[in-house]
Amino acid sequence: MDEKGRLKEYKYLGKDPEECRRRRQESSVQLRKTKKEDTVLKKRNITLDKQDFGQRADNEEESIQRQFSINEILINSQSNDPSTKLNAVQSARKLLSSDKNPPIDQFIEANMLPILVECLTKDDQPSLQFEAAWALTNIASGSSPQTQAVVLAGAVEHFLRLLNSPHQNVCEQAVWALGNIIGDGPQCRDLVINLGVVDPLLKFISPEIPMSFLRNVTWVIVNLCRSKEPPPPIETIEKLLPALAFLIQNLDTNILVDTVWAISYLTDAGNNIIQMVIDAGFVPYLVPLLGHSEVKVVTAALRAVGNIVTGTDQQTQEVLDKDALKYFHALLNHPKPKINKEAVWFLSNITAGTKTQVQTVIDNGLIPQVVHLLSRGDLPTKREAAWCINNLSLSGNKDQVAYVLQQGAISPLCQALSIDDPQVLAVVMDALSNILKLAASNDDDLLSVTSQIEECGGLDKIEDLQNHRNEEIYKLAFDLIDKYFTEDNEELPENMNENEYTFGTPAASAEQPKFEF
């Protein structure tokens, strides 16, 4: 993404607080790269069946070498003898399951897919159905063209029919295959939805279902919720929410994590769907998960509630009313930098809210930690911390901004001007501009802020940025110099410390709590 496109995702100069809220933009490519902490799009079934459990690992390669060649498999899979046909399809499944580089394209090019799909129709041969479904599942776990080949072979309708099979292993394998197809993207997702996957899928959610099966069903629901361009149909979401409300209470960690990721994908699709999630009663379940002992649960929960607070002020308040901020001291001090970054991102959307919401962040003592992360965090965390202070400098009142400056925000803001990232530079200079505007109403305050910026090397950095290669950056730098640093600075009054800001004396109110310095 180019710099201008990236900057458009965020608040910029002159926006009102509602426009300050920033929604996470993640492409499918980025999602594929974060599989370790996100949910996987597709899964390959490499579990050995019962007759294979006795095989030792060192015999596996020899066993595969004894299997039929692809040409032999193709010929034997068309045999009228049920045993020969089953053995051939099972050999295909093993090649697609056990090899580190499964010969998916070779099977597609050999025109094996129509044969495997035809095997799905053999209701009197459930073992053949199972092996064929397994082989097709692993083909669909590959690249998008490979998944599309399974769809074009007509497998989807047969998998949907097999959801009603009396044989549980066949049902489960059909669920797995459909999950891989749905995970290919919104086009395949909507195709499978339109063919009627939701109702038969949800019937599997019950206390009697084996845990491994329920995990697969939950994973498929995650893929149904994934993607916001476009999001799933509203009627589909309405059916999925009660199922997710049941699953979020499950004690299995894998199911819990997948369920919360599903909610996070839904809440990333706009305020209307955020409201559906709130109305379904998920917030009281999500907020306590911010203190969960498992990092992967915390990561998913933080994304889900973080997406909710990108919504309206009222939607944000739903999360704050559940005392969410009490978890953030620990999250901001978490050893995983990604947790720090997501936590500050969450807070940046609170500081983009009402003055009362800004005050809640202050009252919970979180600003000093944000300032610390702006100074000492990794680059992604510094970026979010800069946004947090920037949004507060626009949404907060004078006393609230003065409090942030008392926590030493000027120096790390100025140090961030050395970061070679146009987004960070624009956000930091925007924050400094907002602060200077507030200070400009009082000569002493303005002198104090400009002196601090100069003393910590910020003025030199801003002057250097007038030569930046990015036109937007050098214009911002020029404007700062032109408006606030064109005259010689005077010394601070004798009775004023460099970290003391009066910012005038605004009237105290419920919306604008006043600090006494």
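Residue positions are given per chain, counting from 1 as you read along its sequence in written order. Restriction of local features to residues with pLDDT of at least 70 applies here, the model being predicted, together with a cutoff of 80 or more for giving and counting side-chain atom pairs; totals for whole chains, interfaces and linings are based on all residues. Water and hydrogen atoms play no part in the side-chain values, which are based on all heavy atoms of the structure.

## Concerning the overall build of the protein chain
Next, step 1: A run of DSSP states H or I qualifies as a helix once it reaches four residues; a run of E qualifies as a strand once it reaches two. Both are numbered from the N-terminal end. Each helix and strand counted, the protein chain has 32 helices and zero strands in total.
Next, step 2: Residue burial is assigned from relative accessible area. The probe radius is 1.4 Å, only protein chains are included, and a residue is buried under 20% of its type maximum, exposed over 50%, and partly exposed in between. Classification of the 517 residues of the protein chain by burial places 54% in the buried group.
Next, step 3: Across the protein chain, every contact between residues at least 6 apart in sequence was considered, and the portion connecting residues at least 24 apart equals 74%.
Next, step 4: Per-residue accessibility takes into account occlusion by the displayed protein chains alone, with areas from the Shrake-Rupley method and a 1.4 Å probe. Surface exposure of the protein chain reaches about 22,500 Å², of which carbon and sulfur atoms provide 48%. By definition, residues are in contact when any of their heavy atoms lie within 4.5 Å.

## A few points about the pattern of salt bridges
Next, step 1: For this analysis, a salt bridge means a side-chain nitrogen from Lys or Arg found within 4 Å of a carboxyl oxygen belonging to Asp or Glu. Within the structure shown, the criterion is met by 13 salt bridges.
Next, step 2: The partner of Lys122 in a salt bridge is Glu118, and the shortest N-O contact between them spans 3.0 Å.
Next, step 3: When the shortest N-O distance is used, the salt bridge between Arg469 and Asp420 registers 3.1 Å. Here the residue Arg469 occupies a position in the loop between α31 (458-465) and α32 (471-484), and Asp420 occupies one in the loop between α28 (410-415) and α29 (422-439), the gap between them amounting to 49 residues.

## Details of helix α12 (residues 168-182)
Next, step 1: To estimate the expected span of a helix, subtract one from its residue number and multiply by 1.5 Å. Compared with the 21 Å implied by 1.5 Å per residue over 15 residues, the 21 Å span of α12 between its first and last C-alpha is a close match.
Next, step 2: Counting buried positions along α12 yields 13 of 15 residues, so the element is predominantly enclosed.

## Description of the confidence of the model for the protein chain
Next, step 1: Values of pLDDT, the confidence the predictor places in each residue, fall between 0 and 100. Summing up the model confidence of the protein chain, the mean pLDDT is 86 and the portion of residues at 70 or higher is 82%.
Next, step 2: Within the model, the stretch residues 23-37 combines pLDDT values under 50 with 31 contacts to residues more than four positions away or in other chains.
Next, step 3: Scored below 50 in pLDDT, residues 489-496 shows 18 contacts in the model against residues more than four places distant or in partner chains.

## A word on the nonpolar core
Next, step 1: Counting residues in each nonpolar core, the largest one holds 162 residues, and the members touching the most others are Phe159, Ile221, Phe328, Phe346 and Leu347.
Next, step 2: When residues of this core are assigned to their parent elements, the largest contribution, twelve residues, is made by α29.
Next, step 3: Look past the residues within four positions of Phe346 in its chain and what remains in contact with it is Leu302, Val305, Gly306, Val309, Val319, Leu325 and Phe328. Grouping buried Ala, Val, Leu, Ile, Met, Phe, Trp, Tyr and Cys residues that are joined through side-chain atoms within 4.5 Å yields what is termed a nonpolar core.

## Regarding unusual backbone geometry
Next, step 1: Looking along the chain, the bond that leaves Glu229 and enters Pro230 is cis, with omega of -5 degrees.
Next, step 2: Locating Pro230 in the fold gives a position in the loop between α15 (211-225) and α16 (234-247).
Next, step 3: The backbone phi angle of Ser227 is positive, close to 80 degrees, even though this residue is not glycine.
Next, step 4: Within the secondary structure layout, Ser227 lies in the loop between α15 and α16.

## Quick word on the environment of Ile362
Next, step 1: The residue Ile362 is located in helix α24 (residues 355-363) in this model.
Next, step 2: Measuring from C-alpha to C-alpha, the distance between Ile362 and Gln400 comes to 7.9 Å, with 38 residues separating the pair along the chain.

## Here we look at the packing of helix α9 (residues 126-140) against helix α10 (residues 144-152)
Next, step 1: Relative to each other, α9 and α10 sit at 140 degrees, their axes nearing to 7 Å. Relative to α10, the element α9 lies oblique. Facing Leu136, Ile139 and Ala140 of α9, the residues of α10 in contact are Gln146, Thr147 and Val150.
Next, step 2: Under the scheme applied, nonpolar residues are Ala, Val, Leu, Ile, Met, Phe, Trp, Tyr, Cys and Pro; charged residues are Asp, Glu, Lys and Arg; polar residues are all the others, including Gly. Taken together, the residues of the contact of α9 with α10 break down into four nonpolar, two polar and no charged. The axes used here are C-alpha line fits, helices contributing only the stretch in contact, and every angle between their N-to-C directions lies in the interval 0 to 180 degrees. An angle counts as roughly parallel when it lies under 35 degrees, as roughly antiparallel when it exceeds 145, as roughly perpendicular when it falls between 65 and 115, and as oblique in every other case.

## Considering the packing of aromatic side chains
Next, step 1: Centres within 6.5 Å are what make two rings of Phe, Tyr or Trp a pair, Trp counting through its six-membered ring; a difference in plane orientation under 30 degrees is then read as stacked, over 60 as edge-to-face, and the rest as tilted. By the definition in use, this model includes four aromatic pairs.
Next, step 2: Seen in terms of ring centroids, Phe204 and Phe213 are 4.9 Å apart; in terms of plane orientation they differ by 40 degrees. Their pairing is tilted.
Next, step 3: A relative accessible area of 2% places Phe213 in the buried class.
Next, step 4: Comment: the charge-over-ring label is applied if NZ (Lys) or CZ (Arg) is within 6 Å of the ring centre and within 35 degrees of the ring normal. The ring of Trp134 has Arg93 lying over it, and the distance from NZ or CZ to the ring centre is 4.1 Å.

## Observations concerning a negative patch on the surface
Next, step 1: Candidates for patches are residues over 30% relative accessible area with no salt bridge; among them, like charges are joined within 9 Å and nonpolar side chains (Val, Leu, Ile, Met, Phe, Trp, Tyr) within 5 Å. Charged residues are defined narrowly, with Lys and Arg counted positive, Asp and Glu counted negative, and His plus the chain ends left uncounted. Every charge is mapped onto a representative atom, which is NZ of Lys, CZ of Arg, CG of Asp or CD of Glu. On the surface, a cluster of negative charge is made up of Glu454, Glu455, Asp460, Glu463 and Asp464.
Next, step 2: No other element matches the three residues that α31 contributes to the negative patch.
Next, step 3: Inspection of the secondary structure assignment puts Glu455 in helix α30 (residues 443-455).

## Focus: the packing of α29 against α30
Next, step 1: Following both chains from N to C, one finds α29 and α30 inclined at 150 degrees, their axes separated by 8 Å at the closest point. Taken together, the axes of α29 and α30 lie roughly antiparallel to each other. Taking contact as the criterion, the partners of Leu432, Ile435, Leu436 and Ala439 in α29 are, on α30, Asp445, Leu446, Val449, Thr450 and Ile453.
Next, step 2: Looking at side-chain class alone, the contact of α29 with α30 contains seven nonpolar, one polar and one charged residues.

## Observations concerning α15
Next, step 1: Under the 1.5 Å per step criterion, the end-to-end length of α15 is 21 Å for 15 residues, consistent within 8% with the ideal 21 Å.
Next, step 2: The buried fraction of α15 amounts to twelve of the 15 residues, a majority that puts the element mostly inside the structure.
Next, step 3: All of the buried residues along α15 are Phe213, Leu214, Asn216, Val217, Thr218, Trp219, Val220, Ile221, Val222, Asn223, Leu224 and Cys225.
Next, step 4: Looking at the buried residues of α15, the elements they touch are α12, α13 (186-194), α14 (198-202), α16 and α17 (253-267).
Next, step 5: Following α15 by one or two positions, Ser227 has its phi on the positive side, about 80 degrees.

## Observations concerning the state of the cysteines
As used in these notes, a disulfide is a covalent bond between sulfur atoms, one from each of two cysteines.
Next, step 1: In what follows, a disulfide is any cysteine sulfur pair within 2.5 Å. Taken as a whole, this structure holds zero disulfides when the rule is applied.
Next, step 2: The structure places no disulfide on Cys414, whose sulfur is separated from the nearest cysteine sulfur, that of Cys456, by 3.5 Å.
Next, step 3: On the accessibility criterion, Cys414 (0% relative accessible area) is buried.

## Considering the side chain of Gln400
Next, step 1: Residue position: Gln400 is located in helix α27 (residues 398-406).
Next, step 2: The exposure class of Gln400 is buried, given its relative accessible area of 0%.
Next, step 3: The definition of a polar contact used here is a pair of N or O atoms within 3.5 Å, where within protein one atom must be able to donate a hydrogen and the other to accept one, and adjacent residues in sequence count solely through side-chain atom pairs. A polar atom in the side chain of Gln400 sits 3.0 Å from the side chain of Gln359.

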